[in-house]
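Here is how the chains run, residue by residue.
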Amino acid sequence: MILILGRAEFSHVRRVVSHLDKKKQSYTVVDLSGSQPFTMSGSSSDGHFQYGGQDLSRSKIAWRADKVVFPYFGQTQEWCEEYITGRNLKSVYGNLRLIVPCEIVNSPAATQLCSSKLYQMKNISDARVMLPEYLLSNSIDEIRSWVGDEPAIVKSLGDPHFPSFDGGLGQKLIMTSVLDVDYIERNPGKIESFPIYVQKRIPKKYEYRCVVIGDRVFTLRIDPSQHEIMKVDYRAGINIIKYLPCSLPYDINDCLVGITKSFGLFSGCIDLIETPSGEIYFLEINGEGIWGRHDDIMEGAISGAVADYLANANGL
């Protein structure tokens, strides 16, 4: 039995399930959003793990597809209800994934480690990709000295959703942005209220979104010059991005598979930059990345690869 931890309506789940059906695989989607009764009691050793009347204690493998997205800030009753539901679902899935009675991919430990950008930067040493230079500091003087005359950008190290107030409480998404040089010049000697992640700006020819599933790599190329709004962070043009399926050299693909495995992940979404001179820079790997739109472009090949991996692990 394959356990799928996630909501049945989530696009990743729907896509993978359709492949498992064709393979005639036995699976259960553990959707905790109210579609079926769920019960777990006692210690993990007593095997009491039931969903929809099924005993799931003998499952062979579990796949994490439990990404729960909800707004953190708002001011309506509807928002309150959505926030309470989302936060509790996220908490329950977070607890459940630690005690499921079988192997789970991606493992909680691996995903937790990879949620740290600094951990990634410290633990990647593959010479086939370059790493961007960065500084983490709360000192404006240190930032100014380190940046010098070179262009630099600022990134969020954690959740990029922040509260905003414009006549009422709302939510704002902070994307990668150009370092405000004027602010730096106006505030010599200032110590910020928290350390800021500053990165030397890398000249871009192309950006790549690579989805790694086991030993397979699915790559899409993004041309950041297709619109001015995309030159710093291509995600700012979310509604106009043109993804072009492509192939990277074998040694780079091998490198990406190696990075994914070295972090204990079976899958991950990796972002790369190619410079005009052909150098490849690694930006980050996300063990909980979204690839539904990419799967459409790849005609279902990504979700098919996930289903193949689970089916092989299930041993049927």
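Caption draft 1: Quick look at the overall build of the chain. Scanning the chain for helices and strands turns up nine helices and 18 strands. Over its C-alpha atoms the chain spans a radius of gyration of 22 Å, differing by no more than 12% from the 20 Å that the globule rule assigns to 316 residues. Once the C-alpha set of the chain is aligned to its principal axes, its extents read approximately 65 × 50 × 35 Å. Out of the 316 residues in the chain, the part that is buried amounts to 45%. In the chain, of all internal contacts separated by at least 6 residues, the share reaching a separation of at least 24 is 66%. Element-wise, carbon and sulfur atoms account for 50% of the exposed surface of the chain, whose accessible area totals about 16600 Å². Each charge sign in the chain was given a centre, from 33 positive and 38 negative side chains, and these centres are 3 Å apart.

Caption draft 2: The arrangement of the environment of K205 in detail. Within the secondary structure, K205 is located in the loop between β13 (191-200) and β14 (206-213). On the accessibility criterion, K205 (38% relative accessible area) is partly exposed. Taking the C-alpha atoms as reference, K205 lies 32 Å from N138; in sequence the two are 67 residues apart. Leave out the neighbours within four places in its chain, and K205 touches D223, P224, E274, T275 and P276.

Caption draft 3: Molecular detail of helix α5 (residues 140-147). Taken together, the buried positions of α5 are I140, I143 and V147. Projected down its long axis, α5 carries its buried residues within an arc of 65°, all on one side. Buried positions along α5 lie against β8 (134-139), β9 (152-155), α6 (181-186) and β13. Positive phi appears at G148, one or two residues downstream of α5, with a value of about 60°.

Caption draft 4: Region of interest: the packing of aromatic side chains. As enumerated under the stated definition, the model contains eight aromatic pairs in all. With a centroid separation of 5.1 Å and an interplanar angle of 50°, the aromatic rings of F70 and Y72 are classed as tilted. Judged by relative accessible area, F70 falls into the buried class, the value being 8%. Three or more aromatic residues joined by ring pairs form one cluster here, namely F70, Y72, F73, W79 and Y83. The ring of W146 is capped by K200, whose NZ or CZ atom sits 4.4 Å from the centre of that ring. We note R221 situated over the ring of Y206; from NZ or CZ to the ring centre the distance is 4.3 Å.

Caption draft 5: Expanded view of the pattern of salt bridges. This structure, assessed with the given rule, holds 19 salt bridges. When the shortest N-O distance is used, the salt bridge between R64 and D66 registers 3.4 Å. Comparing R64 with D66, the two get one shared label, buried. A salt bridge links D126 to R128, with the nearest nitrogen and oxygen atoms 2.7 Å apart. If you follow the salt bridges from partner to partner, you end up with R64, D66, R97 and E288 in one network.

Analysis parameters
- Residues numbered from 1 in each chain as written.
- Predicted model: local features only at pLDDT ≥ 70, side-chain atom pairs only at ≥ 80, totals over all residues.
- Heavy atoms only, no water.
- Helix = DSSP H or I, 4+ residues; strand = E, 2+ residues; numbered from the N terminus.
- Rg over C-alpha atoms; globule rule 2.2 N^0.38 Å.
- Buried < 20%, exposed > 50% of the residue type's maximum accessible area, 1.4 Å probe, protein only.
- Contact = heavy atoms within 4.5 Å.
- Areas by Shrake-Rupley, 256 points an atom, 1.4 Å probe, with all protein chains shown as cover.
- Lys, Arg positive; Asp, Glu negative; His and termini not counted.
- Charge placed at Lys NZ, Arg CZ, Asp CG, Glu CD.
- Arc of directions from axis to C-beta.
- Phe/Tyr/Trp six-rings, centres within 6.5 Å; stacked < 30°, edge-to-face > 60°.
- Lys NZ or Arg CZ within 6 Å of the ring centre and 35° of its normal.
- Salt bridge = Lys/Arg side-chain N within 4 Å of Asp/Glu carboxyl O.

None of this, on its own, says anything about what the molecule does.
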